[in-house]
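Residue-level structural notes
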Amino acid sequence: MRGASDGDLGERISRLSLEQKIRLLSGESVFRVAAEPAIGLEAMVTSDGPVGVRGERWDERDTALALPSATAMAATWDEDLVEQLGGVLASEARRKGVSVLLAPTLNLHRSPVGGRHFECFSEDPLLTSRIGAAYIRGVQAGGVAATAKHYVANDSETERLTVDARVDERTLREVYMAPFEAAVRAGVWVVMSAYNSVNGASMSESPLLAEPLKGEWGFDGVLVSDWGAVRSTLPSAKSAQDLAMPGPNEHWGRPLLEAVRSGEIAESAIDEKLSRILRLAARVGALDATTATPATPDFRPLLRHAAAAGSVLLRNEGGLLPIDRADLKRLAVIGPNAATARIQGGGSASVFPSSSVSPLDGIRAALDGTAKVEYAAGAHITVRPTPLSPAGTTDPKSGEPGVRVRYLDAEGAEVHSEHRLSGRVLEPTVDWASISHATTVEISARLYPGVDGDWQIGIVGLGAVTLQVDDRLLIDETIHKESDDPTYVHVAPSFRQAPVKATGGVPLDLIARRDLAPGTGLAVALTADPPRRDADDELAAAVELAKACDAAIVVVGTTEEIESEGFDRTSLALPGRQDELVAAIAAVNPRTIVIVNAGGPVLLPWREDVGAVLLSWFPGQEAGDGLADVLFGEREPGGRLPTTWGAAEEDVPILDTTPVNGVLDYSEGVHVGYRAWLRTGAGAGTESDRAPDPEPMYWFGHGLGYTTWEYEAIDVDTAAQNAERGDDDHQQLTVDVTLRNTGHRTGREVVQVYLSRPASVIDRPARWLAGYATVQAAPGEMVTARVAIEPRALQHWSVDQAAWQTEPGEFTILAGRSVADLPLAATVTAPRSAAA
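Residues numbered from 1 in each chain as written. Predicted model: local features only at pLDDT ≥ 70, side-chain atom pairs only at ≥ 80, totals over all residues. Heavy atoms only, no water.

**So, the overall build of the protein chain**
Scanning the protein chain from N- to C-terminus turns up 20 helices and 36 strands. The globule rule puts the C-alpha radius of gyration for 836 residues at 28 Å, and the 27 Å found for the protein chain is close to it. Buried positions account for 61% of the 836 residues belonging to the protein chain. Taking the intrachain contacts of the protein chain between residues at least 6 apart in sequence as the baseline, contacts between residues at least 24 apart amount to 76%. For the protein chain, the exposed surface amounts to about 29,700 Å²; the carbon and sulfur share of it is 48%. For the protein chain, the distance from the average position of its 76 positive side-chain charges to the average position of its 116 negative side-chain charges is 3 Å. (Helix = DSSP H or I, 4+ residues; strand = E, 2+ residues; numbered from the N terminus. Rg over C-alpha atoms; globule rule 2.2 N^0.38 Å. Buried < 20%, exposed > 50% of the residue type's maximum accessible area, 1.4 Å probe, protein only. Contact = heavy atoms within 4.5 Å. Areas by Shrake-Rupley, 256 points an atom, 1.4 Å probe, with all protein chains shown as cover. Lys, Arg positive; Asp, Glu negative; His and termini not counted. Charge placed at Lys NZ, Arg CZ, Asp CG, Glu CD.)

And the structure:
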């Protein structure tokens, strides 16, 4: 039924009662869109992304492939690869019975402290548009709906449920809406409205849902709310919002039914919403469906390639990278993120990978039989406690590795019991409705401590909590809710810990309980952390190891508890004593290579003191092997920065994301990201010859490879395209950039083309990305990159005309390796355009 006609959909709708129609407009459960057998409609399961398909439940036993973070995908500047990764996600979704993937996130990197930075592609609207469209094409080619979210201006997490983003019309059109418009052009089947308001209207009630999204752009899919974002009846139902999730939604149930019966909302509006839901069902095979689960190929080689392709070589003094294995006898691998694979950020985007390769494991595998690899942590960065795992823990009932989870009623009787592998349990594996009379959740386990000393045993959860160790009550208190944010309540609530003196190998019996009060979620965790070495001793041991080795690889970064949905970062500094660690290692070993394992920008105050800096982002489950491929030259680091990195927080043009009286003012207008860094205040539309002060640490588009390039010539062709189009007012440009590989190995280059308008009556950025293309060449080979520049790149949104306009006159075309390294220039003259 993928090609179901509007007539067929209308006929099916006509068979339904008003009550049946209303029921289908909000979810059947948290992640399930309701079925209606009377019209052949099956339930549609939704699942969070964007780096994997978690499935309908938070269950660590239901594992998923974990892809590189969205920032890493964008750093590839490779739409073909991202489309392939979308295909991986579609395959995973079909394997898990998922019809709708709740990704990609098309919000921008307005500020580097944005908590969900890792989940978004870029600070640039064009790069976000092109990478996002590729992601959508890949997912939907597999018969699974992609979801363009969060429409619109949901670019930070502070007060995200209620903040009012004040954004002028031109900025909305040119910057923040542009990726969503591109998603619609790519044929996206679902768009998600955001929690926040824009210019005073909650996005689940906003006129922006109708225009330009459904009207001007022609979006014919489903507009789903963010989870819990429909908080009214008439305003949201009268808007173009189609589906309220999760469900059943209290505002779109009986109240909506009564509103239609009273004539406040026309039944035809309900039918319009429902027709879109049925069209989606037809597209994903949930209308008159026959279910088939296809075989899943081994995607790990592709994920390994993607980890390398997105890595960005920021610095490489003296050609320290790639490392020649023959030069190594003893290698130090240092850092808290080296032994533990930090592959994803926190929040609803997280998945449970079946396996992951740490940097240490990947490096050891690459040097097996060649060099001795030794490890030291050097620093500690985790703050939240560590949930119990199957290693060293058994279920006290079955004796299997893992824990026992029980749900109890008010009398203490068992309602449900299950074995779990992890001590972190966000929900039961059965439908909550079937055990909703439970008032307490309990996790118990037998822990076999690996070492002697003072362990920290803890409980995570809200409300009244208790923690017992060997029948001793260590914690008995009420943990009050600190936020209503769903990520805090349902994924990472507050915790408490208590010290317990343990003897290695002597078991401890642990029991954690929490009450299940309304509004406090279901999340609970039983945790255990071994004694930590003194911080000074930890750092000193790492320094001594580095002194004794031929080279040192230091892996620094963040974790899912530092970069997460639900809050913005309070600092761009690396957590803990990692900066001190790098400085100390660099002081004793001149061959120090630093791997930065973070989803977004961090400060690197030691960057000039080390030989090489390689950014790996959150690289997905094949992290260690992909990283080793780059370190030892099997692959070239393929990435270029999708966002600008500042050297100091005080230099960043747009940093603070804290609303004032509930309002976040996007007063910078179109000058976001590198555009803000380039803004000199020399006058509207005027590009000053003076270099911006201060300059960032690394500009948008920056990234080194393992070869060198000489940019030799630029040629601009407009005639052929205009002749083909018969349209002089909307000229598409083709920019041919000729360059030569001047290095000693085959390499790949991302050729970037920017536009500038030296004299303009419009307040423009100093320059803006207009197109890009990639080339590959052997040593000494000359190649030409053909870069297509769409007409929109020369246009601006005219508020007065309510249309796209091209300012007549001369534009400068710049080509090179980054927004700040553009050796080639040409000009093109644009004619005056009619309103578009």
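**Side note on the packing of helix α4 (residues 79-95) against helix α5 (residues 125-141)**
Between α4 and α5, whose axes approach to 7 Å, the crossing angle comes to 40°. Of the possible angle classes, the one that applies to α4 and α5 is oblique. Pair α4 / α5 crosses with right-handed handedness. Counted together, Glu79, Val82, Glu83, Gly86, Gly87, Leu89 and Ala90 of α4 and Arg130, Ile131, Ala134, Tyr135, Arg137, Gly138 and Val139 of α5 form the full contact between these two elements. A per-class count over the contact of α4 with α5 returns seven nonpolar, three polar and four charged. (Axes fitted to C-alpha atoms, helices over the stretch in contact; angles between N-to-C directions. Parallel < 35°, antiparallel > 145°, perpendicular 65-115°, else oblique. Left-handed = near helix turned anticlockwise from the far one by under 90°. Nonpolar A, V, L, I, M, F, W, Y, C, P; charged D, E, K, R; others polar.)

**Focus: the sheet that holds strand β1 (residues 32-33)**
Here six strands make up an open sheet; going across it, the order is β1-β2-β3-β4-β6-β9 and the pairing mixed. Both outer strands of the open sheet, β1 and β9 (222-225), are each paired with one neighbouring strand and no more. The pairing of β1 with strand β2 (residues 44-48) spans two bridges and is classified as antiparallel. Looking at the pairing, Arg32 lines up with Val45 of β2. (Pairing = 2+ DSSP bridges.)

**Topic: the pattern of salt bridges**
Per the stated rule, a full pass over the model turns up 65 salt bridges. Glu216 is the salt-bridge partner of Arg173, the closest N and O atoms lying 2.8 Å from each other. In this pair, Arg173 is assigned in helix α6 (residues 169-176) and Glu216 in the loop between α8 (210-214) and β9, connecting sequence segments 43 residues apart. Here Arg173 falls in the buried class, since its relative accessible area comes to 10%. The partner of Arg342 in a salt bridge is Glu560, and the shortest N-O contact between them spans 3.6 Å. Taken as a pair, Arg342 in the loop between α13 (336-339) and α14 (359-366) and Glu560 in the loop between β24 (551-557) and α17 (578-588) lie far apart in primary sequence, 218 residues in all. Linked by salt bridges that have partners in common, Arg116, Glu119, Lys149, Glu157, Arg160, Asp485 and Glu565 make up one network. (Salt bridge = Lys/Arg side-chain N within 4 Å of Asp/Glu carboxyl O.)

**Some details on the pairing of strand β26 (residues 612-615)**
Burial of the side chains of β26 extends over both faces: Ala612 and Leu614 are buried on one face and Val613 and Leu615 on the other. Strand direction decides the pairing type here: strand β10 (residues 312-316) and β26, joined by four bridges, are antiparallel. Each bridged residue has a counterpart across the sheet, and for Asn316 the counterpart in β26 is Ala612. Inspection of the sheet shows strand β25 (residues 592-597) paired to β26 by four bridges, in the parallel sense.

**Some points on the sheet that holds strand β28 (residues 709-717)**
Sheet strands pair by backbone hydrogen bonding; their relative direction is either parallel or antiparallel. Strand order in the open sheet formed by three strands is β28-β29-β32, and the pairing between neighbours is antiparallel. Both edges of this open sheet fall to β28 and β32 (782-789), since each of them pairs with a single strand only. Across this sheet, the average inter-strand angle for adjacent strands is 20°, counted without regard to direction. Sheet analysis places β28 next to strand β29 (residues 733-741), joined by eight bridges and oriented antiparallel. Bridge assignment links Ala713 to a residue of β29, and that residue is Thr738.

**Side note on helix α1 (residues 6-14)**
Of all the residues in α1, the buried ones are Leu9, Arg12 and Ile13. Viewed along the axis of α1, the buried residues span an arc of 100°, placing them on a single side of the element. Projecting away from the buried face of α1 at angles above 90 degrees are the exposed residues Gly7 and Ser14. The elements touched by buried residues of α1 are α2 (18-23) and α11 (267-284). (Arc of directions from axis to C-beta.)

**Here we look at the packing of aromatic side chains**
Across all of its chains, the model carries 14 aromatic pairs by this definition. Judged by centre distance (6.2 Å) and plane angle (65°), the rings of Phe121 and Tyr135 are edge-to-face. Of this pair, Phe121 sits in the loop between β3 (100-102) and α5 while Tyr135 sits in helix α5, and the two are 14 residues apart along the sequence. Across this residue pair, the class does not change: Phe121 and Tyr135 are buried. Consider the rings of Trp617 and Trp645, whose centres lie 6.1 Å apart with planes at 80°: the pair is edge-to-face. Here Trp617 is found in the loop between β26 and α18 (623-631), whereas its partner Trp645 is found in the loop between α18 and β27 (663-665), with 28 residues between them in sequence. Each member of the pair, Trp617 as well as Trp645, carries the same accessibility label: buried. (Phe/Tyr/Trp six-rings, centres within 6.5 Å; stacked < 30°, edge-to-face > 60°.)

**Considerations on the nonpolar core**
Generally speaking, a soluble globular protein has its nonpolar side chains buried in company with each other. Membership of the largest hydrophobic core comes to 112 residues, with the highest contact counts inside it found for Tyr151, Val152 and Ile789. Aside from chain neighbours lying at most four places away, what touches Val152 is Leu172, Tyr176, Met177, Phe180, Ala194, Asn196, Val198, Met203 and Leu208. Counting residues in each nonpolar core, the second largest holds 52 residues, with Tyr195, Ala244, Leu256 and Ala259 among its members. (Core = buried A, V, L, I, M, F, W, Y, C linked by side-chain atoms within 4.5 Å.)

**What to know about the side chain of Ser417**
Mapping Ser417 onto the fold places it in strand β15 (residues 414-420). Polar contacts involving the side chain of Ser417 include one to the side chain of Arg404, which spans 2.9 Å. Dropping the residues within four chain positions of it, Ser417 is found in contact with Lys397, Arg404, Val405 and Arg406. (Polar contact = N/O pair within 3.5 Å; in protein donor to acceptor, adjacent residues only side chain to side chain.)

**Topic: the environment of Pro779**
In this fold, Pro779 is placed in the loop between β31 (768-777) and β32. Separated by 405 residues in the primary sequence, Pro779 and Glu374 place their C-alpha atoms 36 Å from one another.

**Comments concerning the packing of α14 against α18**
At a minimum axis separation of 7 Å, α14 and α18 run at an interaxial angle of 50°. The orientation of α14 with respect to α18, classified from their angle, is oblique. The handedness of the crossing between α14 and α18 comes out as right-handed. Residues Pro359, Gly362, Ile363 and Ala366 of α14 form the contact with α18, whose own contacting residues are Gly624, Asp625, Leu627, Ala628 and Leu631. By residue class, the composition of the contact of α14 with α18 is six nonpolar, two polar and one charged.

**Things to note about the side chain of Glu622**
Checked against the element boundaries, Glu622 lands in the loop between β26 and α18. Salt bridges are absent for the buried Glu622, whose nearest opposite-charge side chain, Arg300, sits at 5.1 Å. Residues in contact with Glu622, not counting those within four places in the same chain, are Arg300, Leu303, Arg304, Ala307 and Val357.

**Looking at unusual backbone geometry**
With an omega dihedral of -10°, the bond running from Lys149 to His150 counts as a cis peptide bond. Secondary-structure assignment places His150 in strand β4 (residues 145-151). Looking along the chain, the bond that leaves Met245 and enters Pro246 is cis, with omega of -10°. If you trace the backbone, Pro246 turns up in the loop between α9 (234-238) and α10 (254-261). You will see that Asn661, though not glycine, has its phi angle at about 55°, which is positive.

**Some words on the confidence of the model for the protein chain**
Overall, the predicted model of the protein chain reaches an average pLDDT of 94, with 95% of residues at or above 70. Confidence drops under a pLDDT of 50 for residues 681-692, and excluding neighbours within four residues, the segment shows 21 contacts in the predicted structure. (pLDDT = per-residue confidence, 0-100.)

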